[in-house]
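Each chain, letter by letter, is given below.
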Amino acid sequence: MSMLSLRLRKVAVTSLKSFGVLVALVAIIYIVYLFATMQAHSTRNGPLPKGNESAVLSEAHQLLAGVPEIRDLSNDSLRFAAMPSFGKRWFAVALSNNGKKVEGSAIIWDQETKTKSTSQFSIPLPVYLRMTGAFDNQVDGYWGEARGWTDGTSLAFERKRGGRIVSGMGNSPCHYAVITNALARDLSGYVPNIAELIEPAAESYAQSQNCNAF
């Protein structure tokens, strides 16, 4: 074998090794990205982060500032902010089960007039227990999705049970849209205009191939 052939062979081997390292590096970066995306939208222990991780989180905190803090609610409580991308109104709701009755408060922010209204209400305990039971089944153990969505209704929530708090945030039509739809449906008789968030096709879309393919 000539010297030229040996050199070409060495160059080829070195190039293949470098290419393999590059492919491995890209794969690692992509896996880290997918994990971070899933983590950002998963159900996590503790309340919502207080930092400015995203514009959506900042807007959720601004809305939720108008209702009681989760730490000030009972040991069976829920509060959430729902912010539709193209909706006229955004909502923040806090619910607290005090044993004999469930007290609620809401902030409704009008995107067009830049004004807010408040609402105080109570809901029957069976309605609350059915609603939070379905809610808990949806959020418990949710790992998030390895993809992002640009539009839809963003939901940020904090749920307290027995002193333990979990939280989550996202706008996936495969998960958060179903939760938002159920909350809006169950609270439509108590929170003014929250029925605007109801999307009749939410459940069927979540069961479609668009969601089950991932």
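Okay, so let's go over this structure. As the structure is a prediction and not an experimental result, all values here were calculated from the model.

Conventions we followed
Residues numbered from 1 in each chain as written. Predicted model: local features only at pLDDT ≥ 70, side-chain atom pairs only at ≥ 80, totals over all residues. Heavy atoms only, no water. Helix = DSSP H or I, 4+ residues; strand = E, 2+ residues; numbered from the N terminus. Buried < 20%, exposed > 50% of the residue type's maximum accessible area, 1.4 Å probe, protein only. Areas by Shrake-Rupley, 256 points an atom, 1.4 Å probe, with all protein chains shown as cover. Core = buried A, V, L, I, M, F, W, Y, C linked by side-chain atoms within 4.5 Å. Contact = heavy atoms within 4.5 Å.

**Structural notes on the overall build of the protein**
Of regular secondary structure, the protein possesses six helices and seven strands. Reading the protein from its N terminus to its C terminus gives the helix and strand order α-β-α-β-β-β-β-α-β-β-α-α-α. Here the protein holds 214 residues, and 42% of them are scored as buried. Surface accessibility of the protein: about 12000 Å² in total, with carbon and sulfur atoms responsible for 60%.

**What about the nonpolar core?**
Residues Phe80, Val93, Leu95, Leu187 and Ile194 are the most contacted members of the largest nonpolar core, which totals 27 residues. Residue assignment for this core shows that the elements contributing at least two residues are strand S2 (76-84), strand S3 (89-97), strand S4 (102-110), strand S5 (115-123), helix H3 (125-139), strand S6 (153-161) and helix H4 (176-187). Ranked by the residues each element gives to this core, the list is headed by H4, at five residues. With sequence-adjacent residues up to four places away left out, phenylalanine 80 is seen in contact with Leu64, Phe91, Ala92, Val93, Leu155, Ala156, Phe157, Leu183, Leu187 and Ile194.

**Structural notes on unusual backbone geometry**
The phi angle at lysine 114 is positive, at roughly 60°, despite the residue not being glycine. Structurally, the position occupied by lysine 114 is in the loop between S4 and S5. Its relative accessible area of 51% is what places lysine 114 among the exposed residues. Even without glycine at this site, asparagine 193 takes up a positive phi of about 70°. On the basis of relative accessible area, asparagine 193 is assigned to the partly exposed category, the value being 38%.

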